[in-house]
Amino acid sequence: MQKMNIHGCLGCCKGGKEKDSPCVQKDDMSRIYPVYEKSDIVVLASPMYYWGISGQLKCAFDRLFAVAELTPNYENPKKDCILLMASEGNTESNFAPVRAFYEGLTSHLGWKNIGIVYAGGNMETGDILSKPQQLEEAEKLGKSIK
């Protein structure tokens, strides 16, 4: 996603006119919309930046509103959802803002949370390799998907 050209949502509420490309902006979201439409599960995987998901992921997620605009009542497609979050901090209070965002998001969209893996204590690239329990937790969640 880092190398994709995805513009921020304009909040124009003018999308929803073309099923294959619902947003009025034409950029790399055109690669995401068809995959999103066909998916059963959305995985939000992000490092924690200032107690939230990365800006790139938030930007793309905001643009999914154009899909809701395809329906008369702005209904989002029903999905199952997973949150995978790596961070430097490793306390409940560190993850609380992300948990609140994620729970609000899934509740509002009517999505089913099928799992969360918080991987704290990871500052440098590769730190997680010394924490097999975090990797095992993510693997177990992945294997539970049917």
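Once that is clear, we can look at the overall build of the chain. In terms of helices and strands, the chain carries five helices and three strands. Sequence-ordered secondary structure for the chain, helices as α and strands as β, is α-β-α-α-β-α-β-α. Projected onto the principal axes, the alpha-carbon positions of the chain cover approximately 50 × 30 × 25 Å. The buried share of the chain, reckoned over its 146 residues, is 38%. Residue pairs in contact within the chain that sit at least 24 positions apart in sequence constitute 67% of those at least 6 positions apart. On the chain, roughly 9100 Å² of surface is accessible, and the fraction owed to carbon and sulfur atoms is 55%. Each charge class in the chain can be summarised by its mean position, and for the 17 positive and 18 negative side chains these summaries are 5 Å apart.

So, on to helix α4 (residues 92-109). For α4, built from 18 residues, the straight-helix expectation of 26 Å at 1.5 Å per residue is met to within 8% by its first-to-last C-alpha distance of 25 Å. The sharpest bend along α4 comes to roughly 30 degrees, located at V98. Among the residues of α4, those classed as buried are N94, F95, V98, Y102, L105, T106 and L109. Those residues of α4 that are buried are in contact with β1 (41-47), α2 (55-63), β2 (80-86) and β3 (112-119). One or two residues past the end of α4 sits G110, with phi positive at roughly 75 degrees.

For the rest of this paragraph, the subject is the nonpolar core. As a rule of thumb, soluble globular proteins bury nonpolar side chains together. L44, F61 and M85 are the most contacted members of the largest nonpolar core, which has 27 residues in total. If you list the elements that add at least two residues to this core, you get α1 (29-38), β1, α2, α3 (65-68), β2 and α4. For this core, the element with the most residues is α4, which contributes five residues. Filtering out sequence-adjacent residues up to four positions away, L44 remains in contact with L57, F61, C81, I82, L83, L84, Y102 and L105.

Next up on the list: the side chain of D27. Looking at the secondary structure, you find D27 in the segment before α1. In terms of polar contacts, D27 uses its side chain to reach the backbone amide nitrogen of M29, at 3.0 Å. Once residues within four sequence positions are removed from consideration, D27 is found in contact with N5, I6, H7 and R63.

Let us look at the layout of surface pockets. The volume enclosed by the largest pocket comes to roughly 310 Å³. Looking at the largest pocket, the residues that line it are P47, M48, Y49, Y50, W51, A86, S87, E88, G89, N94, N122 and M123. Its residues placed into classes, the lining of the largest pocket shows seven nonpolar, four polar and one charged.

For the rest of this paragraph, the subject is the pairing of β3. In the sheet, β2 pairs with β3 via seven bridges, with the strands oriented parallel. When the bridges of β3 are listed, M85 appears paired with Y118. Traced from β2 through α4 to β3, the parallel crossover comes out right-handed.

Next up on the list: unusual backbone geometry. As a rule of thumb, non-glycine residues mostly have phi less than zero, and peptide bonds are mostly trans rather than cis. Here the phi dihedral of W51 falls at roughly 60 degrees; this positive angle occurs in a residue that is not glycine. A residue is classified by how much of its surface remains accessible, and W51, at 47% relative accessible area, is partly exposed.

Here we take up the environment of K14. Topologically, K14 is positioned in the segment before α1. A relative accessible area of 52% places K14 in the exposed class. Those residues in contact with K14 that lie beyond four places of it in its chain are V24 and E69.

What follows deals with a nonpolar patch on the surface. The grouping of Y49, Y50 and W51 at the surface amounts to a nonpolar patch, some 460 Å² of accessible area in total. Note that Y50 resides in the loop between β1 and α2.

Conventions adopted
Residues numbered from 1 in each chain as written. Predicted model: local features only at pLDDT ≥ 70, side-chain atom pairs only at ≥ 80, totals over all residues. Heavy atoms only, no water. Helix = DSSP H or I, 4+ residues; strand = E, 2+ residues; numbered from the N terminus. Buried < 20%, exposed > 50% of the residue type's maximum accessible area, 1.4 Å probe, protein only. Contact = heavy atoms within 4.5 Å. Areas by Shrake-Rupley, 256 points an atom, 1.4 Å probe, with all protein chains shown as cover. Lys, Arg positive; Asp, Glu negative; His and termini not counted. Charge placed at Lys NZ, Arg CZ, Asp CG, Glu CD. Expected span 1.5 Å × (residues − 1). Bend = angle between axes of the 7 residues up to and from the residue. Core = buried A, V, L, I, M, F, W, Y, C linked by side-chain atoms within 4.5 Å. Polar contact = N/O pair within 3.5 Å; in protein donor to acceptor, adjacent residues only side chain to side chain. 1 Å grid on protein atoms, 1.4 Å probe; cavity = no way out; pocket = protein on both sides within 12 Å on 5 of 7 lines; lining within 4 Å. Points joined across faces, edges and corners; volume = space filled by probe spheres on them. Nonpolar A, V, L, I, M, F, W, Y, C, P; charged D, E, K, R; others polar. Pairing = 2+ DSSP bridges. Right-handed = clockwise from strand over helix to strand, strands pointing away. Patch = residues over 30% accessible without salt bridge, like charges linked within 9 Å, V, L, I, M, F, W, Y side chains within 5 Å. Salt bridge = Lys/Arg side-chain N within 4 Å of Asp/Glu carboxyl O.

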